[in-house]
Amino acid sequence: MSQEAIVTASGAYPKPAQIFQYGTAGFRMKADLLPSVVFRVGLLAALRSRYKGGQVIGVMITASHNPPADNGVKLIDPLGEMLESSWEAYGTALANAESDQAVYEYYTQLEQKFNIREGVVPQVIYGSDTRESSPALVQALKDALDAVGVKSQGFGYVTTPQLHYIVRCLNTQGTDHAYGEPTLEGYYKKLSTAFNQLMNNRSNGTVTVDCANGVGGPALRELQKHINNSIEVVVTNDDTETFSKLNSHSGADYVKTNQRLPPSVSAKPLARYASLDGDADRIVYYYVDKNSIFHLLDGDKIATLSASFIGDLVHHAGITDFSIGVVQTAYANGSSTAYIEKQGLPTVCTPTGVKHLHHAALAYDCGVYFEANGHGTVLFSSSALQRIFEHAPESPAQASALTHLKNITELINQTVGDALSDLLLVEVILAHKDWTPDLWDACYTDLPNKLEKAEVADRNMYKTTDAERKLTHPAGLQDQIDALVGKYEQARSFVRPSGTENVVRVYAEAATKTEADELAQKVKALLK
Ligand code: 16G
Ligand code: ZN
């Protein structure tokens, strides 16, 4: 690739005096710091595609639930997974190269390291969320892709999971594990066809969905056109024109963190509500009871609901020796873990971040993974899918369960957590069980909990082990935490450095809300 083309194009995107890091979900920060990063991520995407023999790589420009002034960028690997972690460091190094010439040199170093030759045409697709800063960042990306001869295609405003879906479709087209039509229309058709069949002759009233004034709003409206009238979806907080409204007093993160309704929602008792985040890869449900008390149905509740429903279908379809496991993080409520284990299902705890959960979920025929914050999905292994689709039912009841199970595998976006797909999944399960939200909630009672964040001089001083449940550094701190935890009933607490902000997070749960709050405060005080 011509040195001049890269150096000249890079010259339009000078690097600010700043150290960048490819974190849990790519690069994420104030949008005005990002043009050079996005440009360089474009170069990395080109290399990754060439390294993968010309398979399509995705680039998503989004900062998810972060405030409107932020933005971010991350890569999607060929099967719709997050970028393989060993490549994150190359992204970090490219982003931190001090000059345009250094960018070019590092690019050629990577070509040599991976023995990447000329001749393969790299392919990259991209999309963004609805932030004001997104179009300019998309332009920076396109300039990089053009400078190195990438065959590229933009999909405009898309949810993060939609782009993951399209990447996988493009790379599996014409194979026996083709994932679907590689278009947005194909995405809506795939989900809605499965949903409509699963809801056949059922109806389930109304669900009101807060879209955080992000890209999930228009996407949900589009999806709505494809689904039958078995449910009524009321779309709220879907103003994507007023940039300042994004994620403001709305959305999954607001509801989960504050454990309360978005101020714009006046909830009717026992009606269903859900909130998406800014790029629609997270969802939480909630309702108020007859006494107007708010109840959150978070990622843990969605995981337990899905795992038990799928387990029942597998059983009723007459499929045996089928492993189902639930993957969680340290944030999973202790009651949810106890509930899953009581159902005889294995649970695994991994560090925070989708890539860790996703990886662990691959160990099962069916791996259900959700973070408590509402990010998650269900994976079926290819051998499990084969068994499901080849299974011969022995009775009408088995045949019916099997049909539902097949549709469930189509309804779920298996590339990554997808709020729209998860919304339809929950709606289907509640309709099949004929459950109101309080019945779902009654499966187990969450232990009261509290999440705090602490500003620290250097979060990198905090090192964890045991899936982030214990600190190894600073020395002695874990013993102090343990001593505090020992003073409370049913208590648990951990401290972990954030992967997305320069803070340390403190989580505590205990038998009562007062105790959980107090424990969190005391642990936080240890960090001073
Ligand atoms: C990122 C992760 C999310 C995780 C969050 C934790 C992905 C796609 N996103 O947003 O899953 O819950 O980081 O943030 O992996 P923290 O490290 O700041 O607590
Ligand atoms: Zn998100």
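Bear in mind the structure is a predicted one, so any value in this text is a computation, not a measurement.

Undergrad: Give a detailed account of the coordination of the zinc ion (ligand 2), specifying residues and quantitative values.
TA: Protein-derived ligands of the zinc ion (ligand 2) are Ser64 (OG), Asp277 (OD), Asp279 (OD) and Asp281 (OD), with the metal-ligand distances lying across 2.0 to 2.1 Å. Each donor residue of the zinc ion (ligand 2) belongs to the same chain, with the gaps between them written as S-x212-D-x1-D-x1-D. By the burial criterion, Asp279 is buried, and Asp281 matches it.

Undergrad: Just give me the short version of the side chain of Thr409, but keep the residues and values in it.
TA: With respect to the element layout, Thr409 can be found in helix H14 (residues 396–411). A distance of 2.6 Å separates a polar atom in the side chain of Thr409 from the backbone oxygen of Lys406. When neighbours within four sequence positions are excluded, Thr409 is seen to be in contact with Phe380, Leu385, Ile388, Phe389 and Gln414.

Undergrad: Let's hear about the pattern of salt bridges: which residues, and what values?
TA: With the rule as written, the count across this model stands at 25 salt bridges. Taking the shortest distance from any N to any O, the salt bridge between Glu501 and Lys453 comes out at 3.0 Å. Note that Glu501 is positioned in the loop between strand S18 (492–497) and strand S19 (503–509) and Lys453 in strand S15 (residues 449–455), a separation of 48 residues in sequence. A relative accessible area of 39% means that Lys453 is categorised as partly exposed. The salt bridge partner of Lys513 is Asp517, with a shortest N-O separation of 3.0 Å.

Undergrad: Break down the domain arrangement of the protein chain for me, with residues and values.
TA: Assigned domains within the protein chain: domain 1 (3–157), domain 2 (186–295), domain 3 (299–441) and domain 4 (449–526). Across the boundary between the two partners, domain 1 contributes seven residues, which contact five residues of domain 3. For the pairing of domain 1 and domain 3, the buried interface totals around 480 Å² over both sides, and the portion due to carbon and sulfur atoms is 65%. Ranking the residues of domain 1 by area buried against domain 3 places Thr24, Gly80 and Met82 at the top, with a combined share of 66%. Scanning the region where domain 1 abuts domain 3 turns up one salt bridge. There are one residue pair in polar contact (both at pLDDT 80 or more) connecting domain 1 and domain 3.

Undergrad: Tell me what's going on with the packing of aromatic side chains, and back it up with residues and numbers.
TA: Using the criterion set out here, one finds 17 aromatic pairs in the structure. Seen from their ring centres, Tyr22 and Phe27 are 5.2 Å apart, and the 75° between their planes marks the pair as edge-to-face. Seen in terms of ring centroids, Tyr331 and Phe494 are 5.1 Å apart; in terms of plane orientation they differ by 65°. Their pairing is edge-to-face. Note that Tyr331 is positioned in the loop between strand S11 (324–329) and helix H11 (334–342) and Phe494 in strand S18, a separation of 163 residues in sequence. Judged on exposure class, the residue Tyr331 and its partner Phe494 are both buried. One aromatic cluster in this structure is built from Tyr51, Trp87, Tyr90 and Phe114. For the cation-ring pair, Lys113 lies above Phe114, with the distance from its terminal atom to the ring centre recorded as 5.7 Å. The lysine or arginine in question, Arg168, covers the ring of Tyr179, its NZ or CZ lying 4.4 Å from the ring centre.

Rules behind the numbers
Residues numbered from 1 in each chain as written. Chains lettered and ligands numbered in written order. Predicted model: local features only at pLDDT ≥ 70, side-chain atom pairs only at ≥ 80, totals over all residues. Heavy atoms only, no water. Donors = N, O, S within 2.8 Å, 3.2 Å for Na, K, Ca; no water. Buried < 20%, exposed > 50% of the residue type's maximum accessible area, 1.4 Å probe, protein only. Helix = DSSP H or I, 4+ residues; strand = E, 2+ residues; numbered from the N terminus. Polar contact = N/O pair within 3.5 Å; in protein donor to acceptor, adjacent residues only side chain to side chain. Contact = heavy atoms within 4.5 Å. Salt bridge = Lys/Arg side-chain N within 4 Å of Asp/Glu carboxyl O. Domains from an automatic or database assignment. Buried area = accessible area lost by both parts, 1.4 Å probe. Phe/Tyr/Trp six-rings, centres within 6.5 Å; stacked < 30°, edge-to-face > 60°. Lys NZ or Arg CZ within 6 Å of the ring centre and 35° of its normal.

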